[in-house]
Each structure stands twice: as C-alpha cells, then as structure tokens.
Amino acid sequence: MELITPSFGLLFWMVIGFGILCIILIKAFKSITKAIAKREEHINEQLNAAEMAREEMKNLKSEHEALLVKAKEERDAILAEARKMSEKMYDEAKEKASREAQNLIDEAKQNIHFEKMKAITDIKNEIAQMSIEIAEKVLTEELSDKQKQEELVAKWMKDVSIN
C-alpha cells in the first residue's frame with residue numbers, strides 16, 4: 001500500500017518542487033507577455049502610422065498606391081518578425097523551464113535517496129537497540145537464579161577451555 005500512496009515527506013517535496021516550478025514558469029511567462037505586449041504596442045503604433053498615411057494618400061492618388069503597398073509590406077514584416085520573436089521566446093522559455101524542471105526532479109530524486117538511506121540507517125539502529133534490550137532481558141531472566149548462574153559460568157568456562 002506504501003507504493004500506491006506516497007508518504008507525507010514525498011508529497012511535501014513534490015509540492016515544494018511543483019511550487020518552485022510554477023513560480024519559475026510564471027516569471028518566464030510574465031517576461032514573455034511583457035515583451036509581446038511591447039511588440040504589440042509597437043505594431044499597433046506602426047499600424048496607426050500606416051492608417052494615417054492611408055488617409056493622406058486619399059488626397060494624393062498617385063502616391064497612394066505606392067505608399068499603401070509599402071505600408072502593408074512593413075506591417076507584414078513587423079508581424080512576421082513579431083511572430084518569429086514570439087516563437088523564439090516561447091521556445092527558449094519552454095526549454096529553460098524543461099531544464100529547470102529536470103533539475104528539480106533530479107534534486108528531488110537525490111533528496112528521496114538520502115531520506116531513504118537515512119530511514120534505513122535509523123531502522124537498523126532501532127533493530128540493534130531492540131536486540132540489545134532483548135538480550136539484556138534474557139540474560140537478566142537467566143541470571144536471576146543462583147543455580148542457573150553457576151551452570152552458565154561453568155558452561156562458559158568449558159567453552160573457553162576448549163577453544
């Protein structure tokens with residue numbers, strides 16, 4: 001059942017890791033959205049300038065078509081550049097988030113390993129302590145009777161002389 005339901009410590013570190021990842025992603029997303037908003041504002045300014053140029057071109061029919069084509073090309077170039085920049089920033093942020101997520105996962109795995117080793121060491125120490133306590137109780141019970149003590153000492157002396 002322990003394999004299905006994770007322990008509180010594991011959940012705690014997973015939540016911490018996920019929180020850190022979310023904070024990093026939020027910060028990255030904010031910087032991307034700021035850059036996109038600036039770019040959008042720049043594009044809107046360019047579009048507004050193109051629109052003003054179009055109004056002037058209505059009065060100047062001969063220059064109108066040339067300026068309109070130029071404005072559309074600039075707009076398309078700006079939009080294409082904005083798209084490329086947006087995609088590049090998105091890919092970079094995604095790659096960075098993936099690297100950081102992998103680092104967090106690796107760190108969490110290492111922490112889990114250390115905690116596991118610590119728990120195993122604690123269990124071994126507890127078992128050794130229990131064994132000593134049980135041995136003390138057995139020896140105390142065995143040595144409570146004077147005749148048993150003498151028999152035990154005689155047996156030990158016999159073992160010592162044989163070896």
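Only a predicted model underlies this, so the values are computations on that prediction, with no experimental measurement involved.

Participant: Report on a positive patch on the surface, specifying residues and quantitative values.
Facilitator: A contiguous patch of positive charge, built from K27, K30, K34 and K38, is present on the exposed surface. Mapping K38 onto the fold places it in helix α1 (residues 8–59).

Participant: Explain the pattern of salt bridges residue by residue, including any values.
Facilitator: Going through the model one piece at a time under the given rule, you end up with three salt bridges. For D76, the salt bridge is made with R75, and the minimal N-O distance between the two is 3.9 Å. A salt bridge links R99 to E95, with the nearest nitrogen and oxygen atoms 2.8 Å apart. Here E95 and R99 lie together in helix α2 (residues 61–142), a separation of four residues that amounts to about one turn. Of the residues examined, R99 reaches a relative accessible area of 46% and is grouped as partly exposed.

Participant: Hey, could you go over the environment of S98 for me, with residue numbers and the actual values?
Facilitator: Secondary-structure assignment places S98 in helix α2. It is 9.8 Å that separates the C-alpha atoms of S98 and L25, two residues lying 73 residues apart in sequence.

Participant: Tell me about the side chain of R39, residues and numbers included.
Facilitator: In this structure, R39 sits in helix α1. The buried category is assigned to R39, whose relative accessible area is 18%. Here R39 is in contact with I78, E81, A82 and M85, once residues within four sequence places are set aside.

Reading the values: rules and limits
Residues numbered from 1 in each chain as written. Predicted model: local features only at pLDDT ≥ 70, side-chain atom pairs only at ≥ 80, totals over all residues. Heavy atoms only, no water. Patch = residues over 30% accessible without salt bridge, like charges linked within 9 Å, V, L, I, M, F, W, Y side chains within 5 Å. Areas by Shrake-Rupley, 256 points an atom, 1.4 Å probe, with all protein chains shown as cover. Salt bridge = Lys/Arg side-chain N within 4 Å of Asp/Glu carboxyl O. Lys, Arg positive; Asp, Glu negative; His and termini not counted. Charge placed at Lys NZ, Arg CZ, Asp CG, Glu CD. Helix = DSSP H or I, 4+ residues; strand = E, 2+ residues; numbered from the N terminus. Buried < 20%, exposed > 50% of the residue type's maximum accessible area, 1.4 Å probe, protein only. Contact = heavy atoms within 4.5 Å.

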